[in-house]
Amino acid sequence: MFENLSERLEGVFQRLRGKGKLTKDDVERGLREVRLALLEADVNYRVVKNFVDRVRERALGAEVLESLTPAQQLIKIVHEELIRTLGETPAPLDLGGSRPVPILLVGLQGSGKTTTAAKLALFLRKKGHRPYLVPADVYRPAAIDQLKTLAERVGVPVYDTDPTDNPVEIAKKALAEAKALGRDVAIIDTAGRLHIDEAMMTEAAAIKETVSPREVLLVADAMTGQDAVNIAKSFHEKVGLTGVILTKVEGDARGGAALSIREVTGCPIKFIGTGEKLEALEVFYPDRLASRILGMGDVLTLIEKAQEAFDLKKARELQEKLRRREFTLEDLREQIKQMRKLGSMQEVFSLLPGIGKKIKEMPFDEKELVRMEAIINSMTRQERLNPRIINASRKRRIARGSGTTVQEVNKLLKSYEEMRKLLKKARGPRGLERLARRLLQ
Ligand code: GDP
């Protein structure tokens, strides 16, 4: 995510850091490089100009030039101004008003709208809401089925859209149905076209008129860069948006759309989509993204992900077992499951300060976790509870059963033994938390 921009900026600051004291010329040269880096990242030229002007105004003052750590001060200013460009504070969903609260999703075909509808439903369900999904794209028949399938996967009820109805009718009927079912939020997936066109805008506006949504969110593909910004501008002018959900951000090495949309359109980015999985939707925090871009890492998002993935009840049970020195291979299997829930480890590590870039070069094999789980699955319960009984012939059987080798079974048993020792050291009240913190440092 935004690797190119991060690397470029890192280079600029590295050169400045090497200098110690900075002159006005040094700062000007640095700013020219920052400007180029942003333009290369496909950030809107006006946004770049405003940004650089703001940084220059502050950077040429005593705050930087007379500081003992001028490069550090400059980075601080760039960080703060990036946050400003990205929208300063997070813009939470407005879920006020009478129930069910309608949320309208608009956008072009292929932007990820239908997937995002399901992601948003899952997000809200996890927050304790009772969402309802409404497929209102009658032009692409597959869209209705797609949303129905996704709805089932996220465990959220879906309106049984009649494709011969018109979208305004669908929205009206679906809201009545949502109300009857006691749902509190209705997410309406409207039709998308391949390009901006009048008919699409008129239809979105008509639905908006009829259901008076609290939120009209544009779903836009970050990979399309300035196109996404222009699309946002058109939709905002013609339909009126309350926010943007930027998708496919994880694959966007440049970041132009994310850095331009707020300032060009005045619309806040409310969420970002960071993968194809239905859990891959994050609340957009300007400060965290600015930190990620500047390679400072995003520890807060990491901790949230960990908290979400780790089942607290299971963690307590584990702690209890550790107290009784009973950490078995069954518990290890549970841990592996939890780790896999954390998503790709590389993605998780990339949120850590400093190591984001290095980790990408590391040959981390996520399949390893799958293999470990398969090996443990091939053991009998008795073996899992008492690995000491696993002799050579049992190892051969386990290897065969899991499609691995005896060496791999040995490796797993060794890791288990090491982990048991490590965890034993972390015993005591809050022991696991201490261990987690150590791993996070
Ligand atoms: P729609 O035509 O706008 O409804 O788009 P879809 O929801 O069908 O999504 C189009 C494609 O984009 C699908 O393959 C999705 O899995 C994919 N997609 C959606 N959001 C994301 C995201 O945040 N990251 C990635 N990598 N893919 C996404």
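Scope of this entry: the structure provided in the associated data block. Bear in mind that the values here come from a model prediction, so they are computed numbers and not experimental data.

### Quick notes on the environment of threonine 85
Along the polypeptide, threonine 85 turns up in helix α5 (residues 70-86). Separated by 290 residues in the primary sequence, threonine 85 and isoleucine 375 place their C-alpha atoms 50 Å from one another. Those residues in contact with threonine 85, other than ones at most four positions away along the chain, are Val47, Phe51, Leu259, Arg262 and Glu263.

### Looking at the nonpolar core
Core analysis: the largest hydrophobic core is formed by 97 residues, its most contacted members being Ala121, Leu133, Val134, Ile187 and Val244. Per-element tally for this core: the top contributor is helix α6 (residues 113-126), with 7 residues. The residue makeup of this core includes at least three contributed by each of domain 1 (3-86) and domain 2 (101-296). Core analysis: the next-biggest nonpolar cluster, separate from the first, contains 10 residues, Ile375, Ile376, Leu412 and Tyr416 among them.

### Observations concerning α5
With 17 residues, α5 extends 24 Å between its outermost C-alpha atoms, agreeing within 8% with the 24 Å of an ideal straight helix rising 1.5 Å per residue. Looking at the buried side of α5, the elements it contacts are α1 (3-17), α2 (24-40), α3 (45-59), α4 (62-65), α11 (256-265) and α12 (286-293). Downstream of α5 by a residue or two, glycine 87 has a phi angle that is positive, lying close to 120 degrees.

### A closer look at the pairing of strand β5 (residues 243-247)
Taking burial as the measure, the 5 residues of β5 include 5 buried ones, the bulk of the element. The two faces of β5 match: Gly243, Ile245 and Thr247 on one face and Val244 and Leu246 on the other face are all buried. Here strand β4 (residues 215-221) pairs with β5 via 5 bridges, running parallel. What sits directly across from alanine 220, in β5, is leucine 246. In this fold, β4 hands off to helix α10 (residues 226-238), which returns the chain to β5; that crossover is right-handed.

### Details of the packing of α1 against α2
Packing of α1 against α2 brings their axes to within 9 Å, and their N-to-C directions diverge by 175 degrees. By the criterion of interaxial angle, the relationship of α1 to α2 is roughly antiparallel. Taken together, the residues of α2 that come into contact with α1 (itself represented by Leu5, Arg8, Leu9, Val12 and Leu16) are Asp26, Gly30, Glu33, Val34, Ala37 and Glu40. Class assignment of the residues belonging to the contact of α1 with α2 gives a composition of 6 nonpolar, 1 polar and 4 charged.

### Section: the packing of α1 against α5
It is at 8 Å that the axes of α1 and α5 come closest, and there the two elements cross at 150 degrees. Judged on the interaxial angle alone, α5 and α1 are roughly antiparallel. The handedness of the crossing between α1 and α5 is right-handed. Facing Phe13, Leu16 and Arg17 of α1, the residues of α5 in contact are Ala71, Leu74 and Ile75. Grouping the constituent residues of the contact of α1 with α5 by class yields 5 nonpolar, no polar and 1 charged.

The rules behind these values
- Residues numbered from 1 in each chain as written.
- Predicted model: local features only at pLDDT ≥ 70, side-chain atom pairs only at ≥ 80, totals over all residues.
- Helix = DSSP H or I, 4+ residues; strand = E, 2+ residues; numbered from the N terminus.
- Contact = placed C-beta atoms within 7 Å.
- Core = buried A, V, L, I, M, F, W, Y, C linked by C-beta atoms within 7 Å.
- Buried ≥ 20, exposed ≤ 12 C-beta atoms within 10 Å, placed from the backbone.
- Domains from an automatic or database assignment.
- Expected span 1.5 Å × (residues − 1).
- Pairing = 2+ DSSP bridges.
- Right-handed = clockwise from strand over helix to strand, strands pointing away.
- Axes fitted to C-alpha atoms, helices over the stretch in contact; angles between N-to-C directions.
- Parallel < 35°, antiparallel > 145°, perpendicular 65-115°, else oblique.
- Nonpolar A, V, L, I, M, F, W, Y, C, P; charged D, E, K, R; others polar.
- Left-handed = near helix turned anticlockwise from the far one by under 90°.

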